[in-house]
Amino acid sequence: MKKNKNISAFIFKGVLLFLVFWGAHAWFTWGLDFLPFGAQTLLRISLAVAAFVYSINNRIILRVNSRLIFGIICYFLAINMPFKSIGEVLAQFILFVPILVLICDKKNADENLTFLAKGLSLVFIPGFVLYLMRLIGQLNIIGYPIQYGNIDINQTYTFMNYGFMLVRLWEAEDIRFTSVFLEPGYLGSLVSFMLYAGNYNFKKWYNIVLLVCLILSFSLAGYLVSFIGYILFLLSARKSVKKILGFGIIICFVFWGSQSYNNGNNMMNDLILSRLQYDEEKGLTGNDRSSETSDYIFSRVIASGNMFFGDTSIKNMTGAGYKVFIVNKGLIPALLFLIFYYSIASNREKYGYSKYFVLLIVLTFLQAAYPASYSWIVPFLLGINKREEYENSICN
């Protein structure tokens, strides 16, 4: 019995790691997005069975109260808008089984989160080495070209694949670390959630790896969410004002150093700080998640009154963030996803910590609206369920 328990637990951890990679669009999962419906259903059933067996062997009771039931209903309504077919609804129900197990599994959250962080780090480290070799011009390994989706529709998603690192071919001088993911932003969002879920405990080697990869991604959104997340974590952990001020001083020093070093001609200043300057139209110069065409389409949808459930007649709207989400799906699904996250967070004892995690989800949604992504949901559920005490973090 114990052997079966250990095997099912290991398989379930692997399922979580796979879901996170799939949700953040790791290159080895791209083909799954274009599988026929039948093949995708078989894959979803396999993942659901693994989660269900894990719950049985580990005696996890799949029981939810009325508040959680309401949140789960909101999730199903949101993810199935606009409605496609009964088959798609059933498929989404099947793939919700691992999420339901995560919601109910509090006792193993620490262990599962640690496995996830270590698994990601073990993939990131070789990519980090390749990145440094490329940075100093010593990358003598031959990669192979790879593309995501239909190149006739989106020519930008073409890469040179080095296994643990993708290099974007449409940006020859691009030095942002992408790891195995489609964009540096996916890496930045995932890592920012993982660091918050892990209490920014940099006594753990894998959290240091995650932090280094976040820095090298030069993801403005990842930086901002992590910065805000760390402040919120200090507040939720009731840390002293001195610690918050000390962190602020460090950030100011980084700002000063980046603008002073080499007269500001450095990666940190060019890719991050210069994008934080005020802009009358965008708010920030780095607010480039939508084009003028996308802004016009968004304004048109708002004016037409289609903002509540989106406009299905609009195809292939470029950009990312809340504007694209509202155009494609609508404001109602966005609010339903918010209720899903909040209903779970409000049902946890660490209410302050959990509600701040919801705030990070909202902030990320503004610039990269993928609230149904497992790279969001899995770290969120593991973070608010874990039993690790705040005293084990770097904040001591």
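Residues numbered from 1 in each chain as written. Predicted model: local features only at pLDDT ≥ 70, side-chain atom pairs only at ≥ 80, totals over all residues. Heavy atoms only, no water.

A. Broad picture of the sheet that holds strand β1 (residues 144-147). Overall, antiparallel pairing links the three strands, which are arranged β1-β2-β3 in an open sheet. Here the strands that pair on one side only, and so sit at the sheet edges, are β1 and β3 (166-168). Taken pair by pair, the neighbouring strands of this sheet meet at an average axis angle of 35°, ignoring direction. In this structure, strand β2 (residues 158-161) lies alongside β3, joined through three bridges in antiparallel fashion. Counterpart to Asn 161 in the pairing with β3 is Leu 166. (Pairing = 2+ DSSP bridges. Helix = DSSP H or I, 4+ residues; strand = E, 2+ residues; numbered from the N terminus. Axes fitted to C-alpha atoms, helices over the stretch in contact; angles between N-to-C directions.)

B. Quick peek at the pairing of β2. In this structure, β1 lies alongside β2, joined through four bridges in antiparallel fashion. Within the sheet, the bridge partner assigned to Gln 147 lies in β2 and is Thr 158. The turn joining β2 and β3, which pair antiparallel and follow one another in sequence, is formed by four residues; a positive phi near 85° is taken by Gly 163.

C. Highlighting the nonpolar core. By size, the foremost hydrophobic cluster in this structure holds 102 residues, and its most contacted members are Tyr 75, Ile 99, Leu 120, Phe 124, Phe 181 and Phe 380. Among all residues touching Ile 99, those that are not within four sequence positions of it are Tyr 75, Phe 340, Tyr 374, Ile 377 and Leu 381. (Core = buried A, V, L, I, M, F, W, Y, C linked by side-chain atoms within 4.5 Å. Buried < 20%, exposed > 50% of the residue type's maximum accessible area, 1.4 Å probe, protein only. Contact = heavy atoms within 4.5 Å.)

D. Quick peek at empty space enclosed by the protein. If you walk through the whole model with that rule in mind, you get two cavities of 30 Å³ or more. Considered as a void within the structure, the largest cavity measures approximately 80 Å³ in volume. Listing elements by their share of the lining of the largest cavity, those giving two or more residues are α7 (184-197) and α16 (374-385). Tallying contributions element by element places α7 first for the lining of the largest cavity, with four residues. Partitioned by chemical class, the residues of the lining of the largest cavity number six nonpolar, three polar and two charged. Taken together, Tyr 131, Arg 134, Met 165, Leu 166, Val 167, Arg 168, Asp 174, Arg 176, Phe 177 and Thr 178 make up the full set of residues lining the second largest cavity. (1 Å grid on protein atoms, 1.4 Å probe; cavity = no way out; pocket = protein on both sides within 12 Å on 5 of 7 lines; lining within 4 Å. Points joined across faces, edges and corners; volume = space filled by probe spheres on them. Nonpolar A, V, L, I, M, F, W, Y, C, P; charged D, E, K, R; others polar.)

E. Focus on the packing of helix α6 (residues 109-135) against α16. Their axes nearest at 8 Å, the elements α6 and α16 cross at an angle of 140°. Classed by the angle they form, the pair α6 and α16 counts as oblique. Crossing handedness for the pair α6 and α16: left-handed. Seen from α6, the contacting residues are Ala 109, Asn 112, Leu 113 and Leu 116; seen from α16, they are Val 378, Leu 382 and Asn 385. Residue classes in the contact of α6 with α16 are distributed as five nonpolar, two polar and no charged. (Parallel < 35°, antiparallel > 145°, perpendicular 65-115°, else oblique. Left-handed = near helix turned anticlockwise from the far one by under 90°.)

F. Representation of the packing of aromatic side chains. Tallied over the entire structure, the rule returns 34 aromatic pairs. Arranged with centres 4.7 Å apart and planes meeting at 15°, the rings of Tyr 196 and Tyr 353 form a pair that is stacked. Of this pair, Tyr 196 sits in helix α7 while Tyr 353 sits in helix α15 (residues 351-367), and the two are 157 residues apart along the sequence. We note that Tyr 196, like Tyr 353, is buried. Stacked on the ring of Tyr 353, the Lys or Arg Lys 350 has its end atom at 4.9 Å from the ring centre. (Phe/Tyr/Trp six-rings, centres within 6.5 Å; stacked < 30°, edge-to-face > 60°. Lys NZ or Arg CZ within 6 Å of the ring centre and 35° of its normal.)

G. The arrangement of a nonpolar patch on the surface in detail. Residues Leu 42, Ile 45, Val 49 and Val 53 make up a contiguous nonpolar surface patch of about 330 Å² in total accessible area. Assignment of secondary structure puts Val 53 in helix α2 (residues 37-57). Overall, the relative accessible area of 36% leaves Val 53 in the partly exposed class. (Patch = residues over 30% accessible without salt bridge, like charges linked within 9 Å, V, L, I, M, F, W, Y side chains within 5 Å. Areas by Shrake-Rupley, 256 points an atom, 1.4 Å probe, with all protein chains shown as cover. Salt bridge = Lys/Arg side-chain N within 4 Å of Asp/Glu carboxyl O.)

H. Inspection of the packing of helix α4 (residues 86-95) against helix α5 (residues 97-104) at higher detail. Closest axis-to-axis distance for the α4/α5 pair is 4 Å, and the angle between their directions is 35°. Together, Phe 93, Ile 94 and Leu 95 of α4 and Val 97, Pro 98 and Ile 99 of α5 make up the contact between the two elements. In the contact of α4 with α5, the residues fall into six nonpolar, no polar and no charged.

I. Just the environment of Ser 66, in detail. Counting through the fold element by element, Ser 66 comes out in helix α3 (residues 66-79). By relative accessible area, Ser 66 is classed as exposed at 61%. Separated by 277 residues in the primary sequence, Ser 66 and Ser 343 have C-alpha atoms spaced 9.9 Å apart.

J. Spatial organisation of unusual backbone geometry. Phi at Asn 199 is positive, roughly 60°, even though this residue is not glycine. The phi torsion at Tyr 200 lies on the positive side, around 50°, for a residue other than glycine. When you line up the elements, Tyr 200 lands in the loop between α7 and α8 (205-217).

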